[in-house]
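Per-entry structural report
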Amino acid sequence: MERRKFLKNSTTVTAGLISAPILASCGREKTTVAPIQDSKTVLPIVICTWNFENASARAWEVLSTGGTALDAIEQGVMVEENDVNNQTVGKGGRPDRDGNVTLDACIMDKDGNCGAVLAMQHIANPISVARKVMEDTPHVMLVGKGAEQFAYEKGFKKVNLLTEKSKAEWLEWKKTSKYKPIINIENHDTIGMLAIDENGDIAGGCTTSGMAYKMAGRVGDSPIIGAGLFVDKEVGGATATGVGEEVIRTVGSFLIVELMRQGKSPQEACVEGVKRIMAKNEGRNDFQIGFIAINKKGETGGYCIQPGFTYRTYSKEGHVNNPSNSFLGT
Ligand code: ASP
C-alpha cells in the first residue's frame, strides 16, 4: 500500500527537531528506536497514523485558524471517511464476511469526555455520530442498530457504504476463503489522530471499517476508549492501528499515556507498548500494530511491530511523514 512506504523525501522536513537515534532492547532482539524529538514546544500540532496527508492538512487548517483540537480531529478524520478510495475507513471500506460495511469510531476531548459508535451501518461519518453521542447523550457507546437510529435522529443520511470495488473484492475473497476471517496485516489502515490546539487543549479520534471480512458483529480496538484511543490533558494522548484484538488485550492507548505519565517520552512509551504486546505473542510475526503518541508539550512518537509504519505530523515546523522503526526491524 502506497501510504505504508517510507517517504523519506517528504515535501517539508522538520528542521532541528530530531536528536540522535538511540538503541534499545525490545526483548527478543536489539533494534533501533526511531529518533526522539527535543522538548521544544510546537503548538498547535496534529499527528495521525499512516501517511494521511489530506486528513492532517484539513486538521491543520482548523488548528491554524484558531479552531479547537476537537473540531480539527472531527474535520480531519472525516476526510478519510469520505474518501471512497480508502478501503479501510468510512464509505468504501471493506465489508464483513457477509458483505456488510460496519464502521467503528470514537472521539475524546480535553476533559475526558468521550463518545463512540460500534458496528454501525449506512452512515458515512461515524466520527461525527461519535461526537454527538459524547455531546448529546448521557452515554459513551452506541452499537449497531441503536447507533444507526440515533444518527438518523440527528439528521445523518442513510447511504450505501459498499462501493463496487469493495464489493468485487469481497466476492473474490468469498471464492477461496471458506468464509474464514484471517488476521491480514495488509488490511489495517485505520486513521487515529491526536491534536493540540493553540490553547494547549488536546483531543483525539479514531475511525475505521475494521478488519476486512471480519465476522458479523466483530469490533476491534478503534472505538474502544483506552484501547484504540486515549487522551488525558495532564499527560498527552495515544492511538493505535493494526490488529485490534491485540491492542484490546493490553488496553494499548491507555497504557501508553500512563507510561508517559511515569516519565517516558512518547517514543519510549510507544516502544514499550509494542514490547508488551510482543511479550504476549512470543514467536508470532504475522500481525501488525502501530501506536502513535503525543505529550502535552507537543513531542511525538510512533512505533510498530512490522516495518513500514509511518505517522504524519503537521505543525508550524512543517508537514512531515515520519518513518517509524519497528520491533521486527526497519
Ligand atoms: N484496529 C482496527 C481494528 O482492529 C484495524 C485497523 O487498524 O485497520 O478494527
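See the structure printed just above.
Here goes a summary of the coordinates provided. (Residues numbered from 1 in each chain as written. Predicted model: local features only at pLDDT ≥ 70, side-chain atom pairs only at ≥ 80, totals over all residues. Heavy atoms only, no water.)

Let's shift gears to the nonpolar core. By size, the foremost hydrophobic cluster in this structure holds 80 residues, and its most contacted members are V46, V129, I191, M193 and F291. Formed by 5 residues, the second largest nonpolar core is a distinct cluster that contains V101, L103, L161 and L162. (Core = buried A, V, L, I, M, F, W, Y, C linked by side-chain atoms within 4.5 Å. Buried < 20%, exposed > 50% of the residue type's maximum accessible area, 1.4 Å probe, protein only.)

One can find N100 in the loop between α2 (69-82) and β4 (103-108). Separated by 116 residues in the primary sequence, N100 and A216 have C-alpha atoms spaced 8.1 Å apart. Setting aside chain neighbours within four positions, we find N100 in contact with P95 and Q121. (Helix = DSSP H or I, 4+ residues; strand = E, 2+ residues; numbered from the N terminus. Contact = heavy atoms within 4.5 Å.)

What follows concerns the pattern of salt bridges. What the rule picks out here adds up to 21 salt bridges. A salt bridge links R58 to E61; its shortest N-O distance comes to 2.4 Å. Of this pair, R58 and E61 both sit in helix α1 (residues 53-64), 3 residues apart, which is roughly one turn of the helix. Among the ionic pairs, E246 bridges to R284, the shortest N-O distance being 3.5 Å. Residue E246 is located in helix α6 (residues 244-250), and its partner R284 is located in the loop between α8 (266-279) and β11 (289-295); the two are separated by 38 residues in the primary sequence. Classification of E246 by relative accessible area gives buried; the value is 9%. It is possible to trace a salt-bridge network through shared partners that takes in D71, E74, R131 and E135. (Salt bridge = Lys/Arg side-chain N within 4 Å of Asp/Glu carboxyl O.)

A few words on the sheet that holds strand β3 (residues 45-49). The 8 strands lie next to each other as β6-β5-β4-β8-β7-β3-β13-β14, forming an open sheet whose pairing is mixed. Among the strands making up the open sheet, the edge pair consists of β6 (141-143) and β14 (318-323). Across this sheet, the average inter-strand angle for adjacent strands is 10°, counted without regard to direction. Here β4 pairs with strand β5 (residues 114-120) via 5 bridges, running antiparallel. The residue bridging A105 from the neighbouring strand is V117, located in β5. Each of β4, β5, β6 and β8 (202-208) is contacted by helix α3 (residues 126-136), which is oriented at about 135° to β5, the strand it contacts most. (Pairing = 2+ DSSP bridges. Axes fitted to C-alpha atoms, helices over the stretch in contact; angles between N-to-C directions.)

Structural measurements only, silent on function.
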